[in-house]
Amino acid sequence: MKIIVCVKQVPENDSVKIDPKTNDMVRTGAQGVMNPFDRNAIETALELKEKNGGQVILLIMGPDSFTEVLRDGLAMGADSAYLLSSKEFGGADTLATAYTLVAGIKKIGKPDVILFGRQSEDADTGQVGPIVAEDLNIPQATFATKVETISATTLEVDRDLESSIQKVEIKLPAEITVRSEINFPRYETPINIVKSFDKPLTIWNEKDLNVDPDKIGKKGSQTIVTKVYAPKKETKQVKFLSKKAGDAAKTIINELDL
Amino acid sequence: MGNQEIWVYVEINNLMVEPTSFQLITKAKQIANGRKVVALIAEPKMSHLESDIKEYGPDEIRILRDERFRGANDEELADALFQVVKRNTPNAIIFPATVRGRSVAPRLQAKLQTGLTADCLDIYYDGDNLVQVKPTYGDGVMCNIICPDKRPQMVTVRPNIFEAKVDRTIKPKIQAAEFEFHEDARSEVEAEEPVDHTSTDLTNAKVIIALGRGAYSEKNVELARQLAEKLGGKVGVSRPLTDKPEFTHSDQIGQSGTTVSPDLLINLGISGAVQYTVGVEKAKKVISVNTNRDAPIFDLSDYGYVGDAGAFLEAMLGNLE
């Protein structure tokens, strides 16, 4: 089973803020980390490989520094990794990102399964997986909480649709987006960290991928960010209660008629 | 470039209209400024949800009717919608940012090669452009996004941001949409079981006890659950606690979780990061408990208790008896 896991690097929590005076974006923690949801996707891939054999391939689009995130994934146990890196890819929205990833997937060679984390923690879109599936004309199972192997060509997936659980039988090749509840991602063991440096990591740019220059990066994006700003906060006048918990509770119960 | 219609995708969930769709019909009417609001629904033969949709007064209800929509997969649904959009390109299509909306909308977007902004907190028109407001990069950053050159403009909008309002002054025209159902056997829905989320359904809870990292202990979880039960409410958490064994992602309040609108919200050990507070802006009365008097959560609270969450919970339980 050939499995490609698409991952993303995100800024560390709280590391990006807006300067309330200038409205400029301020990045405090420079170091990015792997999108936490993507670890669940890698874990799913590794479990599928353990059951069915095959290989787990990581794919990411971004600057050269993103190789660090790929090393993390290789240390979890993935076999190889590809970074799609070029200035030309910059400023891509979901449509242009998916187009570029699809070009990478086609060059790697068509996989049986493509996995995504349910969404990225920074922009929180969760759209790229379904767009990739549509562009490759393959079926999808999003928001998966369980993935089971039925045969070499069929998986059974539980999808959590919030008010119902849907059981889907899906023929490969297919795209699956996993929820974080699906598993507990394994840790990187010291031995796997050492091994990760010997695993193949390939970097491709737009020329390697032979992509349409009008479909990548900012040019290939249909959406434009017109304004970035700090949200307005409506503040309330807080009434501080007695430090004595009992008195505080009584006040609330009385005033709110609980 | 497209006509002057705003389409709202009406989602069906367990044979009922998913309530976000009603909220989006109301919102679409508010921002329409002369544009026609069309509710679009793909339903099986015997389902007549248009009678529910009518109450909210869209200008038109367009129905894709086929028995196979019962248990249709994302590919079949996106294909059917694509045919209808291609016939009559609207100015904008609004989807609920539910699991289904988030799964079908991007497939349709890819077919149309247009822009789609996910998980918007607000939408409004600036001329012909639909301004799409969404949070990004976690803490404290909002952005406005437009799709200037392509139609339809597509968005998914977070549930419970807008209020659905009944409007019987408009008698919507009901029309059948032309399309052919193309079966796609590559993925088959084998079963769909409703899950009882009554323990965690935060979306419609009138009272919510929210726990954050600062108040987490096994005992406090138990006390919070007791208090929630006593007040007829639910327990929710901020993101860090979704890693704890007692909770899952469906218990999470905030940007990557659920947006809530309770009459009473009690925050315990939650400092007030924007990822959390964007999810509770609609709460009416807010009580917050935190050991740090300077915690930003107090700026959003009606009542503040500076001290231990466990002591506060015990006092509440004791005095409610």
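This is a predicted model, so every value here is computed, not measured.

## Some details on the overall build of chain B
Secondary structure summary: chain B contains 7 helices and 18 strands in total. For 321 residues, the compact-globule estimate of 2.2 N^0.38 gives 20 Å, and chain B sits close to it at 21 Å. Viewed in the frame of its principal axes, chain B has a C-alpha envelope of about 65 × 45 × 40 Å. By residue count, 63% of the 321 residues in chain B fall in the buried class.

## Observations concerning the overall build of chain A
When you go through chain A residue by residue, the secondary structure sums to 7 helices and 15 strands. Projected onto the principal axes, the alpha-carbon positions of chain A cover approximately 65 × 45 × 40 Å. Here chain A, with 258 residues, has 53% of them falling under the buried criterion. Considering only intrachain contacts with a sequence separation of at least 6, the fraction spanning at least 24 residues in chain A is 70%. Seen as two clouds, the 34 positive and the 38 negative side-chain charges of chain A have centres 3 Å apart.

## A short note on the domain arrangement of chain B
Residues and elements named next belong to chain B. Along its sequence, chain B is carved into domain 1 (6-176) and domain 2 (198-320). One C-alpha centre belongs to domain 1, the other to domain 2, and the line joining them spans 32 Å. Taken residue by residue, the interface counts 10 residues in domain 1 and 11 residues in domain 2. Taking both sides of the interface into account, the surface hidden between domain 1 and domain 2 amounts to around 870 Å²; carbon and sulfur atoms contribute 47%. Counting across the domain 1 and domain 2 interface gives 0 salt bridges. Our enumeration of links across domain 1 and domain 2 arrives at 3 residue pairs in polar contact (both at pLDDT 80 or more). A breakdown of the residues in the side of domain 1 that touches domain 2 according to their chemical character gives 4 nonpolar, 3 polar and 3 charged.

## Brief notes about the sheet that holds strand β8 (residues 113-117) of chain A
Strand order in this open sheet of 10 strands is β13(A)-β7(A)-β6(A)-β1(A)-β8(A)-β12(A)-β9(A)-β10(A)-β11(A)-β13(B), and the pairing throughout is mixed. In this open sheet, the two strands that pair with only one neighbour each are β13 (201-204) of chain A together with β13 (187-194) of chain B. Neighbour to neighbour, the strand axes of the sheet diverge by 25 degrees on average, direction disregarded. Relative to strand β11 (residues 164-171) of chain A, strand β10 (residues 154-160) of chain A runs antiparallel, the two sharing 7 bridges. Across the sheet, residue Glu156(A) finds its bridge partner in β11(A), namely Glu169(A). Helix-sheet contacts for helix α3 (residues 94-108) of chain A involve β1 (2-6), β6 (55-61), β7 (80-84), β8 and β13 of chain A, and the interaxial angle to β6(A) is about 145 degrees. This element, helix α4 (residues 128-135) of chain A, spans β8, β9 (140-151) and β12 (174-178) of chain A of the sheet and lies at about 160 degrees to β8(A).

## As for the sheet that holds strand β18 (residues 303-306) of chain B
Pairing is parallel in the open sheet, where 6 strands are placed in the order β15(A)-β18(B)-β17(B)-β16(B)-β14(B)-β15(B). Each having just a single partner strand, β15 (239-240) of chain A together with β15 (234-237) of chain B make up the two edges of the open sheet. Sheet analysis places strand β16 (residues 264-268) of chain B next to strand β17 (residues 285-290) of chain B, joined by 5 bridges and oriented parallel. Counterpart to Leu268(B) in the pairing with β17(B) is Val289(B). Lying over the sheet, helix α7 (residues 245-255) of chain A contacts β15 of chain A together with β17 and β18 of chain B, oriented at roughly 170 degrees with respect to β18(B).

## What to know about the packing of aromatic side chains
Tallied over the entire structure, the rule returns 7 aromatic pairs over all chains. Arranged with centres 5.0 Å apart and planes meeting at 35 degrees, the rings of Tyr9(B) and Phe95(B) form a pair that is tilted. Here Tyr9(B) is found in strand β1 (residues 5-10), whereas its partner Phe95(B) is found in strand β6 (residues 92-96), with 86 residues between them in sequence. For the pair Tyr9(B) and Phe95(B), one class covers both residues: buried. Centroid distance Tyr305(B) to Phe312(B): 5.4 Å. Interplanar angle 35 degrees. Geometry classified as tilted. Residues Tyr305(B) and Phe312(B) agree in their burial class; the two are buried. A cation over a ring is seen here: Lys227(A) above Tyr229(A), with NZ or CZ 4.5 Å from the ring centre. Above the plane of the ring of Tyr125(B) lies Arg35(B), whose end atom (NZ or CZ) is 3.5 Å from the centre.

## Describing the side chain of Gln153(B)
Tracing the sequence through the fold places Gln153(B) in strand β11 (residues 153-157). Excluding residues within four positions of it along the chain, Gln153(B) makes contact with Asn91(B), Ala92(B), Ile93(B), Gly115(B), Tyr125(B), Asp128(B), Asn129(B), Leu130(B), Gln132(B) and Cys147(B).

## Considerations on the packing of α4(A) against helix α4 (residues 99-112) of chain B
Relative to each other, α4(A) and α4(B) sit at 45 degrees, their axes nearing to 8 Å. The angle between α4(A) and α4(B) falls in the class oblique. Classified by chirality, the crossing of α4(B) by α4(A) is right-handed. Contact with α4(A), carried on its side by Pro130(A), Ile131(A), Ala133(A), Glu134(A) and Asp135(A), involves Arg102(B), Ser103(B), Pro106(B), Arg107(B), Gln109(B), Ala110(B) and Lys111(B) of α4(B) and no other residues of that element. Its residues assigned to classes, the contact of α4(A) with α4(B) comprises 5 nonpolar, 2 polar and 5 charged.

## Quick word on the nonpolar core
Burial of nonpolar side chains together is a common tendency in soluble globular proteins. Residues and elements named next belong to chain B. Of all hydrophobic cores here, the largest spans 37 residues; its most connected members are Ile41, Ile53, Ile94, Ile123 and Val157. At 5 residues, helix α1 (residues 19-31) tops the list of elements feeding residues into this core. Apart from the residues lying within four places of it in its own chain, the contact partners of Val157 are Thr20, Leu24, Ile94, Phe95, Pro96, Ala97, Cys120, Ile123 and Phe162.

## Quick look at the packing of helix α3 (residues 74-87) of chain B against α4(B)
All names here are of chain B. Packing of α3 against α4 leaves a shortest axis separation of 9 Å and a crossing angle of 50 degrees. With respect to each other, α3 and α4 are oriented oblique. Of the two elements, α3 crosses α4, and the hand of that crossing is right-handed. Taking contact as the criterion, the partners of Asp74, Glu75, Leu77, Ala78, Asp79, Leu81, Phe82, Val85 and Lys86 in α3 are, on α4, Ser103, Val104, Arg107, Leu108, Lys111 and Leu112. In the contact of α3 with α4, the residues fall into 8 nonpolar, 1 polar and 6 charged.

## Regarding the environment of Asn220(B)
Residue and element names in this part refer to chain B. Along the chain, Asn220 turns up in helix α5 (residues 218-230). Take Asn220: its relative accessible area is 10%, and that puts it in the buried class. Dropping the residues within four chain positions of it, Asn220 is found in contact with Leu211, Ala215, Ala309, Gly310 and Leu313.

## Some remarks on α4(B)
Residues and elements named next belong to chain B. The end-to-end C-alpha distance of α4 is 20 Å, a good match for the 20 Å that 14 residues give at a rise of 1.5 Å each. Within α4, 13 of the 14 residues are buried, which leaves the element mostly enclosed by the surrounding structure. Gln113 lies just past α4 and shows a positive phi near 50 degrees.

Analysis parameters
- Numbering of residues starts from 1 in each chain and follows the order in which that chain's sequence is written.
- Chains carry letters and ligands carry numbers; both start at the beginning, A for chains and 1 for ligands, and go up in the order they are written.
- It should be noted that, the model being predicted, local features are given only for residues of pLDDT at least 70 and side-chain atom pairs only at 80 or more, the latter also being counted only at that level, while totals for whole chains, interfaces and linings use all residues.
- Computation of side-chain values covers all heavy atoms of the structure but excludes hydrogens and water.
- Starting at the N terminus, helices and strands are each numbered in turn, a helix being any DSSP run of H or I of at least four residues and a strand any DSSP run of E of at least two.
- The globule rule used for comparison is 2.2 Å times the number of residues to the exponent 0.38, while the radius of gyration itself is calculated over C-alpha atoms.
- Summary of the burial criterion: residues with accessible area below 20% of their type's maximum are buried, those above 50% are exposed, and those between are partly exposed, where the area comes from a 1.4 Å probe applied to protein chains only.
- In what follows, residue pairs with any heavy atoms lying within 4.5 Å of each other are defined as contacts.
- All tallies of charge rest on Lys and Arg as positive and Asp and Glu as negative; His and the ends of each chain are not included.
- Charge positions come from single atoms, namely NZ of Lys, CZ of Arg, CG of Asp or CD of Glu.
- Start and end positions for the domains come from either an automated domain assignment or a database one.
- Defined here as a combined quantity, buried area equals the accessible surface (1.4 Å probe) lost by two parts on assembly, summed across both.
- For this analysis, a salt bridge means a side-chain nitrogen from Lys or Arg found within 4 Å of a carboxyl oxygen belonging to Asp or Glu.
- We define a polar contact as two N or O atoms separated by no more than 3.5 Å, with the added condition that, inside protein, one atom must be a possible hydrogen donor and the other a possible acceptor, whereas residues neighbouring each other in sequence contribute only through side-chain atom pairs.
- Note on residue categories: nonpolar means Ala, Val, Leu, Ile, Met, Phe, Trp, Tyr, Cys or Pro, charged means Asp, Glu, Lys or Arg, and polar means any other residue, Gly included.
- Strand pairing follows a simple DSSP-based rule, namely that at least 2 bridges must link the two strands.
- Comment: axis = line fitted to C-alpha atoms, over the contacting stretch for helices; angle = value between 0 and 180 degrees taken between N-to-C directions.
- Paired rings are identified among Phe, Tyr and Trp, the last through its six-membered ring, by centres lying within 6.5 Å, and are further divided according to the angle between planes into stacked (under 30 degrees), edge-to-face (over 60) and tilted (the rest).
- Charge over a ring is defined by NZ of Lys or CZ of Arg lying within 6 Å of the ring centre and within 35 degrees of the ring normal.
- Here the word oblique covers every angle except those under 35 degrees (roughly parallel), over 145 (roughly antiparallel) and from 65 to 115 (roughly perpendicular).
- Handedness of a crossing is defined here by the sense of rotation of the near helix relative to the far one, left-handed for an anticlockwise turn of less than a right angle and right-handed for a clockwise turn.
- Buried Ala, Val, Leu, Ile, Met, Phe, Trp, Tyr and Cys residues form a nonpolar core when they are joined through side-chain atoms within 4.5 Å.
- For a helix, the expected span equals 1.5 Å multiplied by the residue count minus one.

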